[in-house]
Amino acid sequence: MNHLLTIDELGADGIDDVMRTTDTFAEVNRRPIPKVQALRGKTVVSCFFEDSTRTRLSFETAARRLGADVMTFSAASSSLKKGESLRDTVETLEAIGADAFVVRHRSAGVPTQIASWSRAKVVNAGDGQHEHPTQALLDCYTLRTHLGDLHGKQIVVVGDIKHSRVARSNIAAFTALGAKVKLVAPATLLPASVGEWPVEVTHNLDGALDDADVVYLLRIQQERTDQALLPSLREYSAGFGLDAKRAARLKPGALIMHPGPMNRGVEIAADVADAPNAVITEQVANGVAVRMAVLFLMLGSGDLNA
Amino acid sequence: MPKTVETVIKGGTVIDASGTRVADVVIRGGEILEVGHGLEAKNVIDASGCVVAPGLVDLHTHLRQPGREEAETIETGARAAALGGYTAVIAMPNTEPTMDSAAVIREVLDHAITVACEVVPSGAITLGRRGEQLAPMAEMAELGVRIFTDDGSGVQDGGLMRRALEYAKGIGVMLAQHCEDNSLAAGGAMHEGAWSAKLGVPGQPCSAETAMVLRDIELSRLTGAPIHFLHLSTAESLAAVAQARAAGLQVTAEVAPHHFTLTDACCCDYDATFKVNPPLRTEADVEAVKAALIAGTVDAIATDHAPHAPELKEMPFDQAPPGMLGLETALGLALTELELPIERVLAYLSWQPAKIARISDRHGGLIAKGGAANLCVIDPNAEWTVDARALASRSRNTPFDGRKLRGKVRHTINRGDQVVIDGVAQQ
């Protein structure tokens, strides 16, 4: 694997590779000492230009369990604050010895830009409203654990598709693996030209629940009401929130997912989030193994204990 | 060669608004002395195989001085213009400070005295281009300013725009609008469409431009004032302008070379060199711009030459400033990409914009005895490749680096001075 910037460039075969490798690391993570030396001597720089505790910790844990050295670059207390350009920052970190950058940024495309300037490998850890490929990979892994092959499965994605990098990566991954994807959102939260995407689109959640194998809920942000995209979170919740009544209509075995952090009571009711068929904490747990697989495929020599 | 020496431009095909013919052109001291056959002079410029035309006129140039001299100066921008065949450029007023008073206009004119082409300042419509209070247009008009614009942004308030049009009409000047309704554009960094959705970049819809075009057409109708539309980019805007012109309104419009050559797909790698405002649009819009040029429903090709320092163009796409270089590539792009005879390309690049800028007394005029010696000599068949590093502009943000073009400026004569000889700037 060269860089991991988008799901599209990984493709179905690339996703399969990551899934297979993740099985190996899931086994490693079950050991009493969940650590290998596959990336000993490699340096992974975690560049979180936008705050994110869960994704940063997940990547840093993954890198350490592979034996890599981890440098943490914090934008809040960095040279960027002193006016250094992004490119100079990247070149400096590369000069210190970065083998890979894990990049989170509030602007779409920054990982792509860094990849064009640097010889180091780049993992997109979420860029603006563009993509969050490792989230999609861990979601696919979680789904496969429960459902096996995703081919022909009906996955309903609910919420703010327009502003969601998770949605873009997941739609690309789910469709690449042959799932049927249905998007459910108010018209204001759908992207331009969504009609050209290989998905079905509806504004009616109730009509989409009966044949769903998976309901994937996205986080809704308060600021969407300030931008006149929604009248209120209350109205959103009434139309698009997954409450117990709606969850009860799901067929047996259907899964409920959420990338976190959740707004309980808005896009998902508290009791639904804690239901047995909600696999939300499992998603987080799989995140470490998936990110180990990605870093290993990118930087490793192929030998787990090299 | 000093300009007091008689010079003959020999053996070229002379093209101006009156037509096309083979002729020699003798100039001296900033003036055309004679046009005819078998003319001789002490100094000879060989124009065989070339077109001799009035110098080009750019209605839309950002020279960045005062304020952003690291990106461009009046001197470097004028040199780039001369290399592109231009003998006059209209300098946009979005400098720092804004060209919104006689004092700043005077400063620009002072810096422009000895540069390689004539620099004609435009003035801001509102103070600081903030869209709140009218700038002192009359005091700027006294210094020769004829076009007023808040370019970089549009005048958002319809009532204010109406008053500005009335006031401008009263003092005999024209307003030019950058059409962008901020509430609809909503900070979008590229065209809103399939690509913006895929890239996760906030988009601005075509209607952000078109809505303001439609509003201002109505305001022109209401006030009886002329209006010029800058860099139109959408099929709907162009259709609205065509309709307004057919209805007899005093509406003129320009289009930019990047809008008839590039689409929003160019933004796929997040290279902010392709970020511009109005943004690169769809294939259908590109075709509409070309069709408008063929139909003659727009008046000018204008560059929107907008230099930016490299470090600014390496910012994240949504934060990088919009704009691209244009002066040195406009003619080549027009000759290569438009299915138009060279006579019509030159009309769009020279005499039609000269008329809008009201500088026809010295630019874009007929090549005849007594005319101004503001001329360019073009080899229409020369093939060349754009090299960003070789441009005379102080900045490097051309989206056309590596592009093969046909048609190149060989010589440019500014007020009788040979400012470009064999494609080389002389200053």
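Parameters at a glance
Counting of residues starts from 1 at the beginning of each chain's written sequence and follows it residue by residue. In the order they appear in the text, chains get letters beginning with A and ligands get numbers beginning with 1. Totals for whole chains, interfaces and linings use all residues, but because this is a predicted model, local features are given only for residues with pLDDT of at least 70 and pairs of side-chain atoms are given and counted only at 80 or more. With hydrogens and water excluded, all non-hydrogen atoms of the structure serve as input to the side-chain values. Secondary structure elements follow DSSP: runs of H or I of four or more residues count as helices, runs of E of two or more count as strands, with numbering from the N terminus. With C-alpha atoms as the basis for the radius of gyration, the globule rule is written as 2.2 Å multiplied by the number of residues raised to the power 0.38. The classification of residues rests on relative accessible area computed with a 1.4 Å probe and restricted to protein chains. Under 20% of the type maximum is buried, over 50% is exposed, and intermediate values are partly exposed. Here the accessible surface of atoms and residues is derived via Shrake-Rupley with a 1.4 Å probe, and residues count as covered only by protein chains that are part of the display. Charged-residue counts in this description rest on Lys and Arg as positive and Asp and Glu as negative, His and the chain ends being excluded. Here the site of a charge means atom NZ of a Lys, CZ of an Arg, CG of an Asp or CD of a Glu. Take the number of residues in a helix, subtract one, and multiply by 1.5 Å to get its expected span. Each residue is assigned a bend, namely the angle between axes fitted to the seven residues that terminate at it and the seven residues that start at it. The source of the domain bounds is an automatic or database domain assignment. Only heavy atoms matter for contacts: two residues are in contact if any of them lie within 4.5 Å across the pair. Here the quantity called buried area is the accessible surface, traced with a 1.4 Å probe, that two parts lose on coming together, added over both. The working definition used for a salt bridge is a side-chain nitrogen of Lys or Arg within 4 Å of a carboxyl oxygen of Asp or Glu. For the purposes of these results, a polar contact is taken to be a pair of N or O atoms within 3.5 Å, where, inside protein, one atom must be able to donate a hydrogen and its partner to accept one; residues adjacent in sequence count only when each atom of the pair is a side-chain atom. Paired strands, in this sense, are two strands between which DSSP finds at least two bridges. Axis lines are fitted through C-alpha atoms, for helices just across the contact stretch, and the angle between N-to-C directions can take any value from 0 to 180 degrees.

*Asks:* Give me the lowdown on the overall build of chain A, citing residues and values where you can.
*Replies:* For chain A, the count of helices and strands is 11 helices and 9 strands. Relative to its length of 306 residues, chain A is compact, with a C-alpha radius of gyration of 19 Å against a globular reference of 19 Å. Overall size of chain A, expressed as C-alpha extent along the three principal axes, is 55 × 45 × 35 Å. Within chain A, the proportion of its 306 residues that are buried is 58%. For chain A, the exposed area adds up to about 12300 Å²; of that, 48% sits on carbon and sulfur atoms. Charge separation in chain A, taken as the distance between the mean sites of 33 positive and 36 negative side-chain charges, equals 3 Å.

*Asks:* With reference to specific residues and values, describe helix 11 (residues 280-299) of chain A.
*Replies:* Residue and element names in this part refer to chain A. Helix length check: helix 11 (20 residues) gives 29 Å between terminal C-alpha atoms against 28 Å at 1.5 Å per residue, within 8%. Remark: the principal bend of helix 11, roughly 30°, maps to Gly-287. Across the 20 residues of helix 11, 15 count as buried, placing the element largely inside the fold.

*Asks:* With reference to specific residues and values, describe the environment of Ala247(B).
*Replies:* With respect to the secondary-structure elements, Ala247(B) resides in the loop between helix 8 (235-246) and strand 14 (251-255). Each C-alpha atom of the pair Ala247(B) and Arg221(B) lies 9.8 Å from the other, and the pair is 26 residues apart in sequence.

*Asks:* Account for the domain arrangement of chain B, with residues named and values stated.
*Replies:* Residue and element names in this part refer to chain B. Splitting chain B by domain gives domain 1 (7-52 + 369-425) and domain 2 (55-357). A separation of 26 Å is found between the C-alpha centroids of domain 1 and domain 2. With 37 residues of domain 1 at the contact, the number on the domain 2 side is 47 residues. Carbon and sulfur atoms make up 64% of the surface buried where domain 1 meets domain 2, a total of about 3300 Å² over both sides. Contact with domain 2 buries area across many residues of domain 1, yet Arg-394, Asn-397 and Phe-400 alone supply 20% of it, more than any other trio.

*Asks:* Run through the domain arrangement of chain A, naming residues and quoting values.
*Replies:* Residues and elements named next belong to chain A. Domain annotation for chain A reports domain 1 (7-131 + 285-299) and domain 2 (133-283). For domain 1 and domain 2, the distance between their C-alpha centroids amounts to 26 Å. Domain 1 puts 30 residues into the contact, and the matching count from domain 2 is 26 residues. Summed over both sides, the interface between domain 1 and domain 2 buries roughly 2200 Å², with carbon and sulfur atoms accounting for 60% of that surface. The largest contributions to the domain 1 side of the interface with domain 2 come from Ile-7, Gln-129 and Asn-286, which together make up 27% of the buried area. Remark: the boundary between domain 1 and domain 2 carries 2 salt bridges. The residue Arg-144 makes a salt bridge to Asp-16 at a minimum N-O spacing of 2.7 Å. At the junction of domain 1 with domain 2, the criterion picks out 14 residue pairs in polar contact (both at pLDDT 80 or more).

*Asks:* With reference to specific residues and values, describe the interface of chain A and chain B.
*Replies:* Contact residues are listed per partner, giving 20 residues for chain A and 16 residues for chain B. Together, Ala108(A), Gln113(A) and Ala192(A) form the three largest contributors to the area buried by chain A at its contact with chain B, with a combined 28%. Salt-bridge contacts for Arg87(A) lead to Glu314(B); the nearest nitrogen and oxygen are separated by 2.5 Å. If you look at where chain A meets chain B, you find 8 residue pairs in polar contact (both at pLDDT 80 or more).

*Asks:* An account of the sheet that holds strand 6 (residues 180-184) of chain A is needed here, citing residue identities and associated values.
*Replies:* All names here are of chain A. Ordered by their spatial adjacency, 5 strands build an open sheet running 7-6-5-8-9, and the pairing between neighbours is parallel. Two strands bound the open sheet, and with one partner strand each, they are strand 7 (200-202) and strand 9 (255-257). In this sheet, neighbouring strand axes are inclined to one another by 20° on average, regardless of whether the strands run parallel or antiparallel. For strand 6 and strand 7, the ladder comprises 3 bridges, and the chain directions are parallel. Bridge pairing links Lys-182 to Glu-200 in strand 7. Docked against the sheet, helix 6 (residues 165-176) engages strand 5 (154-158), strand 6 and strand 8 (214-217), running at close to 155° with respect to strand 6.

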